[in-house]
Amino acid sequence: MYLSVEGEKLYAYYKHFEKRFFRFLEKAKYKSRENDIHEFRISIKKIKGIYKLIDLLTDEFDNQEHLLPIKRLFKPAGKIRESQVNMLLLKKIESEKKMTRHYTLSQKCNVKKYRKDFDKQIQDFSPKELKRTRQIIKNYCKVFTRNQIINKSKEFVQERQGIIRDLLMQKDNIDAIHKIRITLKEISAILGLLVELEVEELKPETLIELKQYEDDIGLWHDYVILRESIDKFLNRTAYEDIEKRLELSLLIEDIRDEENDFTATLSSFVEGAFDIIEKGFTTPLNTT
């Protein structure tokens, strides 16, 4: 195939997650098992990270265009996953199940509703589009070099750090924190690829340390979604049982307090993550 050494590793890594995508797509067909939906979405996130790296390395590759076929599947699967996570979190924090039984039933109904959209997108999905992208990636992998991958990845990380610093100016806005989370995950995806490609420039333990930050902000996100979901449920539901309504209202306030505590430390949280990234590279991150 005459791929470069780095290109061969990248291509093998892509094929691995393309296989996982099809494996969990098959498992997720017409069934909504929590782990299968979760793993299916993870495979798409990994593919998305690879597409972003290819996009960095060549102006001819349109990341968004190639992502579109699987992005149509990602969104409804995400809605199913959202309701599943809401139920899982509630089970952990709510010992009195009778207080939340009606809400849990509403989430199960949501899973069935979003399942219909997911099924339709699966029927419309053509594997040929993904296989065409694989061939394009294979051709690009013939020329990618180690220095290209390192330098472009560093540029990407620096650009994303700048975006996050701008978003910190709006840290009281939940949508801004959502974007910080997404942007941190994009950085992690690129760094994860560097580790998989065995690029010595990045210390492998960096990704392990950074994952804790990703998990922390991910948990914050899950609780925000739960709080918003319960709030909507109360606003549209005629709950005659005052005790149950009060219990859910108090739960909303508890979650909101936790959100505010996290927001108060967001700047130092981000700086901690940035510090890990900076120390993770054996040479300075600034390539200019």
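Note that the structure is predicted; figures quoted are calculated from it, not measured.

### Digging into a positive patch on the surface
Line of reasoning, step 1. Residues K45, K48, K71, K75, K79, K113, K232 and R236 make up a contiguous surface patch of positive charge.
Line of reasoning, step 2. Of all the secondary-structure elements, those providing two or more residues to the positive patch are α2 (34-57), α3 (63-93) and α8 (204-236).
Line of reasoning, step 3. When you line up the elements, R236 lands in helix α8.
Line of reasoning, step 4. A residue is classified by how much of its surface remains accessible, and R236, at 55% relative accessible area, is exposed.

### Observations concerning the environment of Q161
Line of reasoning, step 1. With respect to the helices and strands, Q161 occurs in helix α6 (residues 146-167).
Line of reasoning, step 2. A residue is classified by how much of its surface remains accessible, and Q161, at 7% relative accessible area, is buried.
Line of reasoning, step 3. Along the backbone, Q161 and K92 are 69 residues apart, and their C-alpha atoms lie at a distance of 34 Å.
Line of reasoning, step 4. Setting aside residues no more than four positions away along its own chain, Q161 makes contact with I187, F274, I277, E278 and L285.

### Here's the deal with helix α5 (residues 127-140)
Line of reasoning, step 1. Along its 14 residues, α5 runs 20 Å from first to last C-alpha, staying within 8% of the 20 Å computed at 1.5 Å per residue.
Line of reasoning, step 2. All buried positions along α5 are accounted for by L130, T133, I137 and Y140. Each buried residue of α5 lies within a common arc of 70° when the element is viewed along its axis, so the set occupies one face.

### Some points on the confidence of the model for the protein chain
Line of reasoning, step 1. In the predicted model, the protein chain carries a mean pLDDT of 88, and the fraction of residues at 70 or more is 94%.
Line of reasoning, step 2. Per-element confidence in the protein chain ranges from a low mean pLDDT of 86 for helix α9 (residues 242-264) to a high of 93 for helix α10 (residues 266-280).

Conventions adopted
Position labels on residues start from 1 in each chain and follow its written sequence. Only residues with pLDDT of at least 70 are given local features in this predicted model, and only at 80 or more are side-chain atom pairs given and counted; all residues enter the totals for whole chains, interfaces and linings. Computation of side-chain values: all heavy atoms of the structure, hydrogens and water removed. Residues form patches when they are more than 30% accessible in relative terms and have no salt bridge. Like charges link within 9 Å. Nonpolar side chains (Val, Leu, Ile, Met, Phe, Trp, Tyr) link within 5 Å. The accessible surface values rely on the Shrake-Rupley method and a 1.4 Å probe; as for residues, cover is taken only from the protein chains in view. Whenever a carboxyl oxygen of Asp or Glu lies within 4 Å of a side-chain nitrogen of Lys or Arg, that contact is scored as a salt bridge. Counted charges follow a simple rule, with Lys and Arg positive, Asp and Glu negative, and His plus the chain ends left uncounted. The atom standing in for a charge is NZ when the residue is Lys, CZ when it is Arg, CG when it is Asp and CD when it is Glu. Only DSSP runs of H or I reaching four residues or more are called helices, and only runs of E reaching two or more are called strands; each is numbered from the N terminus. Throughout this description, buried means an accessible area under 20% of the type-specific maximum (1.4 Å probe, protein chains only), exposed means over 50%, and partly exposed covers the range between. Residue contacts follow a heavy-atom distance rule, with two residues in contact if any of their heavy atoms lie within 4.5 Å. For a helix, the expected span equals 1.5 Å multiplied by the residue count minus one. Each direction from the helix axis to a C-beta atom contributes to the arc, which is the arc of those directions. By definition, pLDDT measures how confident the predictor is in each residue, and it falls between 0 and 100.

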